[in-house]
Amino acid sequence: MNVRIEDRLAYIIAVVNEFAAAHSLNSQQAYRYLDRFKGIDFVDQFYNIEHTQSFEDVVEDLSIYCRKNGGALS
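Residues numbered from 1 in each chain as written. Predicted model: local features only at pLDDT ≥ 70, side-chain atom pairs only at ≥ 80, totals over all residues. Heavy atoms only, no water.

1. Thoughts on the side chain of Glu50
Stage number 1. Structurally, Glu50 can be placed in helix H4 (residues 47-50).
Stage number 2. It is Arg8 that comes nearest to the buried, bridge-free Glu50 among opposite-charge side chains, at 11 Å.
Stage number 3. If we skip the residues at most four places from it in the chain, Glu50 touches Tyr11, Phe42, Val58 and Asp61. (Helix = DSSP H or I, 4+ residues; strand = E, 2+ residues; numbered from the N terminus. Buried < 20%, exposed > 50% of the residue type's maximum accessible area, 1.4 Å probe, protein only. Lys, Arg positive; Asp, Glu negative; His and termini not counted. Salt bridge = Lys/Arg side-chain N within 4 Å of Asp/Glu carboxyl O. Contact = heavy atoms within 4.5 Å.)

2. Observations concerning helix H5 (residues 55-68)
Stage number 1. An ideal rise of 1.5 Å per residue puts 20 Å on 14 residues; H5 measures up with 20 Å between its terminal C-alpha atoms.
Stage number 2. Within H5 the residues assigned to the buried category are Val58, Val59, Leu62, Ser63 and Cys66. The buried residues of H5 all sit within an arc of 140° when viewed along its axis, so they share a single face. What points out from H5, more than 90 degrees from its buried face, is the exposed set Glu56 and Lys68.
Stage number 3. Against helix H1 (5-22), helix H2 (27-36), helix H3 (39-45) and H4 lie the buried residues of H5. (Expected span 1.5 Å × (residues − 1). Arc of directions from axis to C-beta.)

3. Thoughts on H2
Stage number 1. Here H2 has its buried residues at Ala30, Tyr33 and Leu34. The buried residues of H2 occupy an angular sector of 95° when the element is viewed end-on, so they sit on one face. Opposite the buried face of H2, by more than 90 degrees, sit the exposed residues Gln28 and Arg36.
Stage number 2. Tucked into the core, H2 has its buried residues touching H1, H3 and H5.
Stage number 3. Two or three places before Gln28, at the opening of H2, Asn26 has a side-chain oxygen 3.0 Å from that residue's backbone nitrogen.
Stage number 4. The first or second residue beyond H2 is Lys38, which carries a positive phi of 70°. (Polar contact = N/O pair within 3.5 Å; in protein donor to acceptor, adjacent residues only side chain to side chain.)

4. Focus: the environment of Phe55
Stage number 1. Its place among the elements puts Phe55 in helix H5.
Stage number 2. If we ignore the near neighbours within four places in the chain, the residues touching Phe55 are Tyr11, Ala14, Val15 and Glu18.

This is the structure:
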């Protein structure tokens, strides 16, 4: 599946904003956290699967993945 880079980036931005809202962070804090604990890489690598899920499920997946990589948010 060939996805336009603009669509992929727009999705990642939306996920960062949803993650921020779910964890009471601002967007910049959420981005830095997700970048540090490899959440951005996770969403990018598994875009084809994650974009078919609800944002709630993606935020849950990211929370679990980041915790496994040393993150402390639950």
